Amino acid sequence: MFYKRQHHQSRISVITREYKPMKPFTLLNLCLLLCHSFAYAETAPVQLALMSEDDYLGEVPQVLTIARLRQSAADAPVASTIIDRETIRAAGIIDLPEVFRLIPGFYVGTNAGYIQNTNHVVSYHGLTDAYSRSMQVMIDGRAIYQPLYGGVQWSEIPITINDIERIEITRGPNAASYGANAFLGTINIITQTPTGITGNRVSLNHGNGRNEAFYHRSGKVSDLSYRVSAGYREDDGLSNRADFKRTNILNGRANLKLSDMHDIDFQLGYVEGKREEGDTEPDAFIFMPRTHGISNHFELVKWNMHLTPKYDFYVQAFHTRDNSDDVVTTAALPFPVSPSVQSFRNPYEFDRYDIETQLSATLSDDFQYALGGSIRRDNLYSPFWLGSNQVQKFDLMRLFAQAQYDVHPALTLNGGFMIEHNDFTNSDFSPRASMNIHLTPNQTLRLGYSEAFRTPSYLEEKFRGGVTLTTSIPQTILLQRFFNEGNLKPEKIQSREIGYVAKWENVSIDAKLFNDTISNSITEFDNLSFVTPPNTILAGGDVGTFRNQGSLDIQGFETQIQLSLGENTKLLANYAHIKNFPNNVKANEVDDLIDATPRDISSFLLTHRFNSDWDASFSGYYNSPVRALGDGNPVDSNHRFDARVAKRFKLDAYDGELSLNIQNLTDRHEKEFAEYNVLRRRAFVNVRLDF
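Residues numbered from 1 in each chain as written. Predicted model: local features only at pLDDT ≥ 70, side-chain atom pairs only at ≥ 80, totals over all residues. Heavy atoms only, no water.

Thoughts on the overall build of the chain
Tallying secondary structure elements over the chain gives seven helices and 38 strands in all. Taking contacts inside the chain between residues at least 6 apart in sequence as the whole, the part at least 24 apart equals 65%. Of the roughly 27,500 Å² of accessible surface on the chain, a fraction of 57% belongs to carbon and sulfur atoms. (Helix = DSSP H or I, 4+ residues; strand = E, 2+ residues; numbered from the N terminus. Contact = heavy atoms within 4.5 Å. Areas by Shrake-Rupley, 256 points an atom, 1.4 Å probe, with all protein chains shown as cover.)

Shown next, in the form of structure tokens:
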């Protein structure tokens, strides 16, 4: 029997922290136990001590990213998770990608391959590789993926952990809202807004091969509120890899209030430093260990117009600039090469210009919508990878619309689409629709369907770079890894989801069954039509290219659970079971695609506050064996446990916190992504002072 729903009341809180590694049988027992106890949950309220999403957005917990609308998790068209700053602090996160270990279905690896080996691997629902090019990653709605390989250079994002207010993760295709890169999901990192309150913070972090120092300042001048962060980070990385990082970071955010109807947001960020990369394998002959300089910056302006109580409108423009100057060396080769060690420059320059506008309207308690569009130009200069000294230009145009309609107190409908036109694949149409059935005031069943496209990256469409070595004989040596044929179609995903969200006073659950079909899969082939230039010897094996072939079904179940075990003790757990079923692909790649996703992924975070000064946490992470694509190779199942203890204190005018965080407590020498990434125990001491 359906209930009569009252508007503006919370029906389900957004789950802000996760999880516990469990085997399927253990998790099933827990779910059955919880279901048995639901009848008692509403009559036994327990005070939640951890910060909730209510603290950010008022009385009704809301998600902002999924459909570009303010929605409760019970009304949203797809599953989501919000990680707030308190969860990040409690888990002892110091590297941003580590947050995603707390999201059901996410695989995280400390390092990637030979070329991106200072970078974390972050993937969702499979096809794990070094570039993680199937998710749209944003900071305050600004896309930060690299067009060359379609992924994110996580260590060079110009923000610090202390700048983050919360992270909203859409667990499912979201191209209807954010375009082609939102193929499997979206990550929106939302930074703290300027509050106008004057304050300072100094944070220091020191541990095994890691040193950080950051300063944060907030204040107000007339009608301008601002927040500025600056600091330095260095990390020696893994003991057996060439992967140290040295970065200087500066970022700022300001808001100028012009009137009750108009205000302007300003954002900027800058990172510069050095990173080490290279192949340390004994048989390596190219991309030897080396250090190269990096720098990037961005500028953003957003004009917000609160036209009426029902209508909001914004225009946003941003520019991003990335630079990298890499001098690549090759080892002594088994050829008559003179000199024995060669080197070549590998410069990389990238500019993105983007303008976006959106109108949001809440016409009644039952209906709201958002519509808008954007234009973008990417300029890319990468002569080695693309085999051309010309600047590559990539243009993109988008139109989108999203709407939520409460047809009945027990039924909410969502619908939306994105029309996208780009220089690689021309026009793509990505629709989405969902039906949310509110079974009771505390429980919702969601039925959803969406389609999304993934535009090929430059490395898949236009990688033609090769290395030519001069020899003492008439012939030259050509190392040509790829020579792409181009004209790729976009990958397409059709996603079907049955979701369940529920909240009682001491239990919150978000679970879903999913069935995704990926067609036009982009796969590596031998380029048999490649012609070796005259007087040249081709070395290094076959030349590859990328083509569309076959499809892949991804099916599974995932859940996230939040439990209050007492006024000061919380348990957050997640679990995902995922299976891949390749169809019509090359016979020798079937096993690779099946094994590219861990079958089981789980994690937990247990927090306890002893008193107003002391708190502690214990977390664990598990994934079953995986064989990542590309530079990855088979690694066994991974078990990791972390612990943190913190003490708050007051010293004159300073409010402070001293914490100790230990990662990989058991020192199991875990391997992530590939055999050459070996994790050891690491301990860090953090000091924070507010004044």
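Points about the pairing of strand β8 (residues 199-207)
Where β8 and strand β9 (residues 210-221) come together, nine bridges link them in antiparallel fashion. Considered in β9, the bridge of R201 is made with H216. When β8 meets strand β38 (residues 682-690), the two strands line up antiparallel, connected through seven bridges. Residue pairing in the sheet places H206 in a bridge with V685 of β38. (Pairing = 2+ DSSP bridges.)

As for empty space enclosed by the protein
Taken as a whole, this structure holds nine cavities of 30 Å³ or more when the rule is applied. Estimated volume of the largest cavity: approximately 400 Å³. Residue composition of the lining of the largest cavity, by class: nine nonpolar, nine polar and 10 charged. If you add up the space inside the second largest cavity, you get close to 180 Å³. What lines the second largest cavity is a set of 19 residues, among which Y145, N181, F394, T455 and P456 lie closest to the centre. Mapped by element, the contributors of at least two residues to the lining of the second largest cavity are β17 (392-408) and β18 (411-422). When residues in the lining of the second largest cavity are grouped by element, the largest group, three residues, is from β17. In terms of residue class, the lining of the second largest cavity is made up of eight nonpolar, six polar and five charged. (1 Å grid on protein atoms, 1.4 Å probe; cavity = no way out; pocket = protein on both sides within 12 Å on 5 of 7 lines; lining within 4 Å. Points joined across faces, edges and corners; volume = space filled by probe spheres on them. Nonpolar A, V, L, I, M, F, W, Y, C, P; charged D, E, K, R; others polar.)

Observations concerning the pairing of strand β11 (residues 245-257)
In the case of a regular strand, side chains alternate between the two sheet surfaces. Note that strand β10 (residues 224-235) and β11 share 12 bridges and pair antiparallel. Each residue of the ladder has a partner; that of E234, found in β11, is R246. Pairing analysis gives 13 bridges linking β11 to strand β12 (residues 262-277), with the strands arranged antiparallel. Bridge pairing links I249 to V271 in β12. Count of turn residues in the β11/β12 antiparallel hairpin: four residues.

With respect to the packing of aromatic side chains
Summed over the entire model, instances satisfying the criterion amount to 16 aromatic pairs. Each ring, one from W385 and one from F463, has its centre 5.2 Å from the other, and the planes form 65 degrees; the classification is edge-to-face. Note that W385 is positioned in helix α5 (residues 383-386) and F463 in the loop between α6 (458-461) and β21 (467-469), a separation of 78 residues in sequence. Residues W385 and F463 agree in their burial class; the two are buried. Every member of this aromatic cluster is reached through a ring pair, and the members are F384, W385, F463, F482 and F546. A cation over a ring is seen here: R68 above F400, with NZ or CZ 4.0 Å from the ring centre. Here the guanidinium or amino end of R352 rests over the ring plane of Y145, the centre of that ring lying 4.3 Å away. (Phe/Tyr/Trp six-rings, centres within 6.5 Å; stacked < 30°, edge-to-face > 60°. Buried < 20%, exposed > 50% of the residue type's maximum accessible area, 1.4 Å probe, protein only. Lys NZ or Arg CZ within 6 Å of the ring centre and 35° of its normal.)

Notes on the environment of I169
With respect to the secondary-structure elements, I169 resides in strand β6 (residues 164-170). Through-space distance from the C-alpha of I169 to that of I189 is 8.6 Å; in sequence the pair is 20 residues apart. Here I169 is in contact with A79, S80, T81, I83, F100, I103, F106, T186 and I187, once residues within four sequence places are set aside.

Some points on the sheet that holds β21
Pairing within the open sheet is mixed, and its three strands lie in the order β21-β22-β26. One side of each edge strand has no neighbouring strand; the edge strands of this open sheet are β21 and β26 (536-539). Put simply, the sheet's adjacent strands are angled 25 degrees from each other on average, direction ignored. In this sheet, strand β22 (residues 476-479) lies alongside β21 in antiparallel orientation, the contact comprising three bridges. Bridge assignment links L469 to a residue of β22, and that residue is I477. (Axes fitted to C-alpha atoms, helices over the stretch in contact; angles between N-to-C directions.)

Some thoughts on the confidence of the model for the chain
Parts of the prediction with low pLDDT should not have their coordinates interpreted in detail. On average, the chain scores 86 in pLDDT, and the residues at 70 or more come to 87%. Across residues 1-60 the pLDDT falls below 50, and counting only partners more than four positions away or on other chains, this stretch makes 170 contacts in the model. Note that residues 336-341 has pLDDT below 50 and, in this model, 12 contacts with residues that lie over four places away or in other chains. (pLDDT = per-residue confidence, 0-100.)

Points about a nonpolar patch on the surface
Nonpolar side chains collect at one region of the surface, where F610, W614, V645, L658, L660 and V685 lie side by side and expose about 510 Å² of accessible area between them. By secondary structure assignment, the location of V645 is in strand β34 (residues 638-651). Residue V645 is classed as partly exposed on the basis of its relative accessible area, which comes to 32%. (Patch = residues over 30% accessible without salt bridge, like charges linked within 9 Å, V, L, I, M, F, W, Y side chains within 5 Å. Salt bridge = Lys/Arg side-chain N within 4 Å of Asp/Glu carboxyl O.)

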